[in-house]
Amino acid sequence: MSTPPTLTAEAMYAAAAHLTQTGKGREALVGLESFFDRGMSLDAGNARACLTLLEGFFGSWTGSALDAVREAAAKTG
């Protein structure tokens, strides 16, 4: 995975537009919209936890991040 572009409004609009180009990208875009809608009210600690899981998932800890989320989610419901 390459280094993400500098974060600007233009870069975010370009990234969202990029996701519309494939079926999997569109599914991810819909999931991101739901995640963002729910995450807007997170406090700093919860926001950092989300970023840690995302960094691990898209870094070298994909399976561990997914396992951790699934295990914790199973305990909540």
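Here the structure is shown first, and the text comes after it.
Structural notes, computed from the coordinates.

Scoring rules and cut-offs
Residues numbered from 1 in each chain as written. Predicted model: local features only at pLDDT ≥ 70, side-chain atom pairs only at ≥ 80, totals over all residues. Heavy atoms only, no water. Patch = residues over 30% accessible without salt bridge, like charges linked within 9 Å, V, L, I, M, F, W, Y side chains within 5 Å. Areas by Shrake-Rupley, 256 points an atom, 1.4 Å probe, with all protein chains shown as cover. Salt bridge = Lys/Arg side-chain N within 4 Å of Asp/Glu carboxyl O. Helix = DSSP H or I, 4+ residues; strand = E, 2+ residues; numbered from the N terminus. Buried < 20%, exposed > 50% of the residue type's maximum accessible area, 1.4 Å probe, protein only.

Section: a nonpolar patch on the surface
Judged by side-chain polarity, Leu32, Phe35, Phe36, Leu51, Leu54, Phe57, Phe58 and Leu66 come together as a nonpolar surface patch covering roughly 710 Å² of accessible area. Residue assignment for the nonpolar patch shows that the elements contributing at least two residues are helix H2 (23–39) and helix H3 (44–58). Turning to its location among the elements, leucine 66 is positioned in helix H4 (residues 62–76). Of the residues examined, leucine 66 reaches a relative accessible area of 31% and is grouped as partly exposed.

Comments concerning the pattern of salt bridges
With the rule as written, the count across this model stands at one salt bridge. Put simply, glutamate 71 and lysine 75 hold a salt bridge, and the shortest N to O gap is 3.6 Å. Here the residue glutamate 71 and the residue lysine 75 both occupy positions in helix H4, the gap between them amounting to four residues, near one helical turn. Given a relative accessible area of 66%, lysine 75 falls into the exposed group.

Digging into the environment of valine 30
Its place among the elements puts valine 30 in helix H2. In sequence terms valine 30 and glutamate 10 are 20 residues apart; their C-alpha atoms lie 20 Å from each other.

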